[in-house]
Amino acid sequence: MKWLQSYPREVKIFLVASLINSAGGSLMWPLITMFVFKVLGRTVTDAGFAILVMSLGGIAGQVLGGSLYHKLGVKKLIVGGIGLNALFLLLLPYGSGNWSLFILLMGLIGFFNAMAMPAIQAFIGFRFAERRGELFNVIYVANNIGVALGTALSGFLAQISYHMSFIANGITSAAFALFFWFYLNRVQKSSGEVHLEKQQKTQQDQNNWKLLWQYRVYLFMGIGSFFLWLGNCIWNNGVSPFTISKGMPEWNYSILWTLNGVLIFVGQPFILWIKRTFAGSAEAQLTASALFYMLGYIAILSFHTYPSMVLAMILTTFGEMLISPAIPSFISDRTGKAAPFYLGVVGGMGAAGKVVGPYTMGVLFDWNGLVPVAWLAVAISVLAVGAFLVHAYMNREARNKLADSL
């Protein structure tokens, strides 16, 4: 891959570590609903409740992680968050026999996994400021190569043992924590100021409430993310139980996520063409993303067959490829040292969609199958388009004024 040659060695090592970690994570997450529904013998509503609890933990982790960035430092947030996430993942198989303990572990996993996310994104934005927009996309692609590898195995592992998926995820997460421990120690010794350690009180530490008043930079982007994450719950709480109810094997569902990971890699030229032709700014990329998601959900609603789900996965993957790098890039460019705080807030708002979506869609599926779930996904994707259009309108002027004022 010639395009990798332009990056320093530390970036290449970081990409490999991210790929391995994402491969481990993808062994488990597409199968949670199947595990609760098929192995534990509970309803899709119960599966939605388990994911709801995990997502509530994710909201708290995202917001707290962003707020504590300058108080605790990158090392404690990333290594501590990922390490504790690994611990609770390894305990998950032992808690699956007790529903209350299983729910508690899901919440803790969601919290500690999410707590590290704003710190990782902010660290990349600070350390590689000149190329951060490009690097956010490269890391996103590397993570999803891992997703393709992991999901290719997840359905087959599930037929052997769901617990193997949980343990494999825990092991890769622990390895990722160890990687960051050594990596950040080396960076600390060899580099200048990259926001590694606990710092003195900064302006944003003292004025988090004041930062919230700068609503144009985050509010409608967060609302749009909320709607898209809510709609995206159709995969776990609509498509997944639909394939089971139709007698399809687990690998039919996991292959959809394998397609997602592969397409994120091979579809980069198409996305670059969209950015050059129609969506040059991050704001335009957000709106285009929501349109792709809407078209994907319309495909499921119109046909609700497996081929329509394949088409929907292709369309929504294009949407994902546009939105995932655009959000951290926009925030890092616009908000300067306050970026960790805003990354946590927007991440928390997006995670709130994961709270509302699974339980709501689980209830709808238990009531009348896939059709009402698909209707909900289409409706809220329309709302996401509207939110991103408002965000683009409110940020149509000066690009760096906000960063200079924080």
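About the thresholds
Counting restarts for each chain: residues are numbered from 1 in the order of the written sequence. Given that the model is predicted, a residue must reach a pLDDT of at least 70 before its local features are reported, and side-chain atom pairs must reach 80 or more before they are shown or counted; all residues, however, enter totals for whole chains, interfaces and linings. With hydrogens and water excluded, all non-hydrogen atoms of the structure serve as input to the side-chain values. Counting from the N terminus, the helices are DSSP H or I runs at least four residues long and the strands are E runs at least two residues long. To sort residues, take the accessible area from a 1.4 Å probe on protein chains only and compare it with the maximum for the residue type: under 20% means buried, over 50% means exposed, and anything in between is partly exposed. Contact between two residues is taken to exist if any of their heavy atoms lie within 4.5 Å; hydrogens are not considered. Only the protein chains shown count as cover for residues, and the accessible areas themselves come from Shrake-Rupley with a 1.4 Å probe. Each residue carries a pLDDT score, the predictor's own confidence in it, on a scale running from 0 to 100. In this description, a nonpolar core means a group of buried Ala, Val, Leu, Ile, Met, Phe, Trp, Tyr and Cys residues linked to one another through side-chain atoms lying within 4.5 Å. In this analysis, rings of Phe, Tyr and Trp, with Trp reduced to its six-membered ring, are considered paired at centre separations within 6.5 Å, and the interplanar angle assigns stacked below 30 degrees, edge-to-face beyond 60, and tilted for intermediate values. Any pair of N or O atoms that falls within 3.5 Å is considered a polar contact. Within protein, one atom must be able to donate a hydrogen and the other to accept it, and sequence-neighbouring residues count only if both atoms are side-chain atoms. When a carboxyl oxygen of Asp or Glu lies within 4 Å of a side-chain nitrogen of Lys or Arg, that pair is called a salt bridge. Helix span is expected to be 1.5 Å times the residue number reduced by one. Lines fitted to the C-alpha atoms define the axes, with helices restricted to the stretch that makes contact. Angles between their N-to-C directions range from 0 to 180 degrees. Between 65 and 115 degrees an angle is taken as roughly perpendicular, under 35 as roughly parallel, over 145 as roughly antiparallel, and anywhere else as oblique. Working rule for handedness: look at the near helix, and if it is turned counterclockwise from the far one by less than a right angle, call the crossing left-handed; if clockwise, right-handed. Basically, the charged four are Asp, Glu, Lys and Arg, the nonpolar ten are Ala, Val, Leu, Ile, Met, Phe, Trp, Tyr, Cys and Pro, and anything else, Gly included, counts as polar.

(A) Spatial organisation of the overall build of the protein chain. A tally of regular secondary structure across the protein chain gives 20 helices and 0 strands. With 406 residues in all, the protein chain has 58% of them scored as buried. Across the protein chain, contacts joining residues at least 24 apart in sequence account for 86% of those joining residues at least 6 apart. Counting every atom, the protein chain has about 16,800 Å² of accessible surface; 67% of that belongs to carbon and sulfur.

(B) The confidence of the model for the protein chain, seen in detail. Across the protein chain, the average pLDDT comes to 83, with 88% of residues at or above 70. Least confident of the elements in the protein chain is helix α10 (residues 203–206), whose mean pLDDT is 46; most confident is helix α19 (residues 370–394), at 96. A low-confidence stretch, residues 202–206 (pLDDT under 50), is modelled with 12 contacts involving residues beyond four sequence positions or located in other chains.

(C) Up close: the nonpolar core. Within the largest apolar cluster, 108 residues are counted, with the highest numbers of intra-cluster contacts made by Phe-102, Phe-180, Tyr-183, Ile-234, Trp-235 and Ile-331. Setting aside its immediate chain neighbours within four residues, Phe-102 contacts Phe-35, Val-36, Ala-50, Leu-92, Gly-95 and Ser-96. Of all hydrophobic cores here, the second largest spans 13 residues; its members include Ile-274, Ala-279, Leu-315 and Leu-322.

(D) Focus on the packing of aromatic side chains. What the rule picks out here adds up to 20 aromatic pairs. On the basis of an interplanar angle of 20° and a centroid distance of 5.9 Å, the ring pair of Phe-88 and Phe-112 is categorised as stacked. Placement of the pair is Phe-88 in helix α5 (residues 74–95) and Phe-112 in helix α6 (residues 99–115), with a sequence separation of 24 residues. Both residues of the pair, Phe-88 and Phe-112, count as buried. A centroid spacing of 5.7 Å and a plane angle of 65° characterise the contact between Phe-292 and Phe-318, whose relative ring orientation is edge-to-face. Highlighted residues: Phe-292 in helix α16 (residues 282–303) and Phe-318 in helix α17 (residues 306–335), separated in sequence by 26 residues. Just as Phe-292 is buried, Phe-318 falls in that class too. Here the aromatic residues Phe-123, Phe-176, Phe-179, Phe-180 and Tyr-183 are joined through ring pairs into a cluster of three or more.

(E) View of the side chain of Glu-320. Within the element layout of this structure, Glu-320 appears in helix α17. A relative accessible area of 17% places Glu-320 in the buried class. A polar atom in the side chain of Glu-320 sits 3.2 Å from the side chain of Tyr-140. For Glu-320, the residues in contact, after removing those within four places along its chain, are Tyr-140, Asn-144, Asn-260, Ile-264, Ser-289, Tyr-293 and Pro-325.

(F) Focus on the environment of Trp-257. Turning to its location among the elements, Trp-257 is positioned in helix α14 (residues 250–266). Between the alpha carbons of Trp-257 and Val-310 there is a distance of 9.7 Å; along the sequence they are 53 residues apart.

(G) Broad picture of the pattern of salt bridges. Under the definition given, this model contains 2 salt bridges. Between Asp-46 and Arg-42 there is a salt bridge, with the nearest N and O atoms lying 3.2 Å from each other. On the basis of relative accessible area, Asp-46 is assigned to the partly exposed category, the value being 22%.

(H) Expanded view of helix α2 (residues 32–39). Burial in α2 covers these residues: Ile-32, Thr-33, Met-34, Phe-35 and Val-36. Gly-41 lies just past α2 and shows a positive phi near 70°.

(I) Structural view of the side chain of Asn-185. As for its placement among the helices and strands, Asn-185 is situated in helix α9 (residues 162–190). Of the polar contacts made by the side chain of Asn-185, one reaches the side chain of Lys-75; its length is 2.8 Å. Reaching out from Asn-185, the side chain makes a polar contact with the backbone oxygen of Trp-181 at a distance of 3.1 Å.

(J) Expanded view of unusual backbone geometry. Unusually for a residue other than glycine, His-304 sits at a positive phi of about 35°. The exposure class assigned to His-304 is partly exposed, which follows from its relative accessible area of 32%.

(K) Looking closely at helix α12 (residues 219–232). Under the 1.5 Å per step criterion, the end-to-end length of α12 is 20 Å for 14 residues, consistent within 8% with the ideal 20 Å. Those residues of α12 not exposed but buried are Met-221, Gly-222, Gly-224, Ser-225, Phe-227, Leu-228, Leu-230, Gly-231 and Asn-232. Those residues of α12 hidden inside the fold are in contact with α13 (234–245), α16, α17, α18 (339–368) and α19.

(L) Expanded view of the packing of α2 against helix α3 (residues 44–67). Here α2 crosses α3 at 140°, and the two axes come no closer than 9 Å. Taken together, the axis directions place α2 and α3 in an arrangement best described as oblique. Of the two possible hands of crossing, α2 and α3 adopt the one that is right-handed. Each of Ile-32, Thr-33, Val-36 and Phe-37 in α2 lies in contact with α3, whose residues at this interface are Val-44, Asp-46, Ala-47 and Ile-51. Of the residues assigned to the contact of α2 with α3, the class counts are 6 nonpolar, 1 polar and 1 charged.

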